[in-house]
Amino acid sequence: MTGDFQENDPFPAAEFDSWAGEYDQDAAGETFPFTGYRDLLAEVVRQTGARPGLKVLDLGAGTGNLTQLLAAAGCEVWGTDFSSEMLARAREKLPGARLFLHDLRDPFPPELQQRFDCIVSAYVFHHFELPEKAALAERLVRESMAPGGCLVIGDISFLTAADRDTQRQTQGEYWDEEPYWIAEDALPALEARGLTVQYRQVSNCAGVYRIRLNEEADQ
Ligand SMILES: C[S@@+](CC[C@H](N)C(=O)[O-])C[C@H]1O[C@@H](n2cnc3c(N)ncnc32)[C@H](O)[C@@H]1O
């Protein structure tokens, strides 16, 4: 990991380490920011076309809830997270799974330098500002995706900035100020990088982006 963002990191791995023990309980509560959590994970799985043998990489796998759904559908699952405590919970649910301690902002370790049929991520990219989100999505699609594959990102997301502002007011003290996705801004930023994107709102604060290379989207 490079020193700069480690020192000034607004979302350090240590924060997720201390959250790991309560994470599943918080997510199952389905209150903001987890309103629609189960539906969101199910929609990500649906959009991958999960089936036996599909090779899927789950980025920021956390305690392994999405990874587990993909494994149950017969996918060959791989996962990463930069929190060792989160990964320890995922390993309990998925003994023998290929899970790697890795910061998404770093180059992949040798084991992950290969191509996947699908790459997924849930509730992770909202820690990054839009230019970082878009650059990372492009890198993943161009360098780590098998031909015809897709990147499916489920996350805290709003159709418009106005929808986000409404939720900010509604949630009051429960609101955290983080760079959540705004689809009306994200779609042009991703498309400008040669990506084709479909967006689906799943709850009042969560949505799914399905991202492919332009040249493959028409086929
Ligand atoms: C809100 S949890 C989501 C976990 C899981 N994907 C789920 O849907 O339940 C966010 C996860 O992303 C991981 N994460 C955050 N920033 C990361 C980064 N830069 N690199 C790798 N993992 C990261 C955290 O450690 C945490 O496990």
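A few points on the structure. Bear in mind that the values here come from a model prediction, so they are computed numbers and not experimental data.

## What to know about helix α5 (residues 84-93)
Residues spaced three or four apart along an α-helix point in a common direction, a consequence of the helix completing one turn every 3.6 residues.
Then, in step 1: Looking only at α5, the buried set comprises M86, L87 and A90. Projected down its long axis, α5 carries its buried residues within an arc of 95°, all on one side.

## Digging into unusual backbone geometry
Then, in step 1: Cis geometry is adopted by the peptide bond preceding P33, which originates at F32 and carries an omega value of 5°.
Then, in step 2: Secondary-structure assignment places P33 in the loop between α2 (13-28) and α3 (37-48).
Then, in step 3: With phi around 55°, E30 is a residue other than glycine that occupies positive phi space.
Then, in step 4: Along the chain, E30 turns up in the loop between α2 and α3.
Then, in step 5: Backbone geometry places Y123, a non-glycine residue, at a positive phi of 60°.
Then, in step 6: Tracing the backbone shows Y123 in the loop between β4 (116-122) and α6 (130-144).

## Considerations on the layout of surface pockets
Then, in step 1: As a volume, the largest pocket reaches approximately 910 Å³.
Then, in step 2: Surrounding the largest pocket, 45 residues form its lining, F16, W19, Y123, H126 and H127 being those nearest its centre.
Then, in step 3: For the lining of the largest pocket, the elements supplying multiple residues, two or more each, are α2, α3, α4 (65-72) and β2 (76-81).
Then, in step 4: At five residues, α2 tops the list of elements feeding residues into the lining of the largest pocket.
Then, in step 5: Residues belonging to the lining of the largest pocket are distributed by class as follows: 23 nonpolar, eleven polar and eleven charged.

## Looking at the pairing of strand β8 (residues 206-213)
Then, in step 1: For β8, the tally of buried residues reaches seven of eight residues, placing the bulk of the element in the interior.
Then, in step 2: Of the strand pairs in this sheet, strand β5 (residues 145-158) and β8 are connected by six bridges, and their pairing is antiparallel. By the bridge assignment for β8, G154 is matched with V208.
Then, in step 3: Two elements, strand β7 (residues 195-203) and β8, share eight bridges in a ladder whose sense is antiparallel.

## Some points on the site of the ligand
Then, in step 1: Surveying the vicinity of the ligand reveals 21 residues, the closest of which are Y23, Y37, G60, D81 and A122.
Then, in step 2: A distance of 2.8 Å is found between an oxygen atom of the ligand and a side-chain nitrogen or oxygen belonging to Y23.
Then, in step 3: D103 has a polar side-chain atom sitting 3.2 Å from a nitrogen atom of the ligand.
Then, in step 4: Mapped onto the shell around the ligand, the elements with two or more residues apiece are α2 and α3.

## Structural notes on the environment of V152
Then, in step 1: Its place among the elements puts V152 in strand β5.
Then, in step 2: A residue is classified by how much of its surface remains accessible, and V152, at 0% relative accessible area, is buried.
Then, in step 3: Taking the C-alpha atoms as reference points, V152 and R212, separated by 60 residues in sequence, lie 9.0 Å from one another.
Then, in step 4: Once residues within four sequence positions are removed from consideration, V152 is found in contact with V44, Q47, T48, I119, V120, S121, V208, Y209 and R210.

## Some words on the packing of α3 against α4
Then, in step 1: Across the interface, α3 lies against α4 with an axial gap of 10 Å and an inter-helix angle of 45°. Between α3 and α4, the interaxial angle falls into the category oblique. As for the relative orientation of α3 and α4, their crossing is right-handed in sense. Counting all contacts with α3, which are made through Y37, L41, V44, V45 and T48, the residues of α4 involved are N65, L66, L69 and L70.
Then, in step 2: Within the contact of α3 with α4, the residues separate by chemical class into seven nonpolar, two polar and no charged.

## Here we look at the packing of α2 against α5
Then, in step 1: Two numbers describe how α2 lies on α5: the axes approach to 6 Å, and their chain directions differ by 35°. Two secondary-structure elements touch here, α2 through F16, D17, W19, A20, G21, Y23 and D24 and α5 through S84, E85, M86, R89 and K93.
Then, in step 2: Residues that form the contact of α2 with α5 fall into these classes: five nonpolar, two polar and five charged.

## Describing the pairing of β4
Then, in step 1: β4 sits mainly inside the fold: six of its seven residues count as buried.
Then, in step 2: Pairing analysis gives four bridges linking strand β1 (residues 55-59) to β4, with the strands arranged parallel. Paired with L57 across the two strands is I119, which belongs to β4.
Then, in step 3: Where β4 and β5 come together, six bridges link them in parallel fashion. When the bridges of β5 are listed, A122 appears paired with G154.
Then, in step 4: Tracing the backbone out of β4, into α6 and back to the parallel element β5 gives a crossover that is right-handed.

Reading the values: the criteria
Residues numbered from 1 in each chain as written. Predicted model: local features only at pLDDT ≥ 70, side-chain atom pairs only at ≥ 80, totals over all residues. Heavy atoms only, no water. Buried < 20%, exposed > 50% of the residue type's maximum accessible area, 1.4 Å probe, protein only. Helix = DSSP H or I, 4+ residues; strand = E, 2+ residues; numbered from the N terminus. Arc of directions from axis to C-beta. 1 Å grid on protein atoms, 1.4 Å probe; cavity = no way out; pocket = protein on both sides within 12 Å on 5 of 7 lines; lining within 4 Å. Points joined across faces, edges and corners; volume = space filled by probe spheres on them. Nonpolar A, V, L, I, M, F, W, Y, C, P; charged D, E, K, R; others polar. Pairing = 2+ DSSP bridges. Near = heavy atom within 4 Å. Polar contact = N/O pair within 3.5 Å; in protein donor to acceptor, adjacent residues only side chain to side chain. Contact = heavy atoms within 4.5 Å. Axes fitted to C-alpha atoms, helices over the stretch in contact; angles between N-to-C directions. Parallel < 35°, antiparallel > 145°, perpendicular 65-115°, else oblique. Left-handed = near helix turned anticlockwise from the far one by under 90°. Right-handed = clockwise from strand over helix to strand, strands pointing away.

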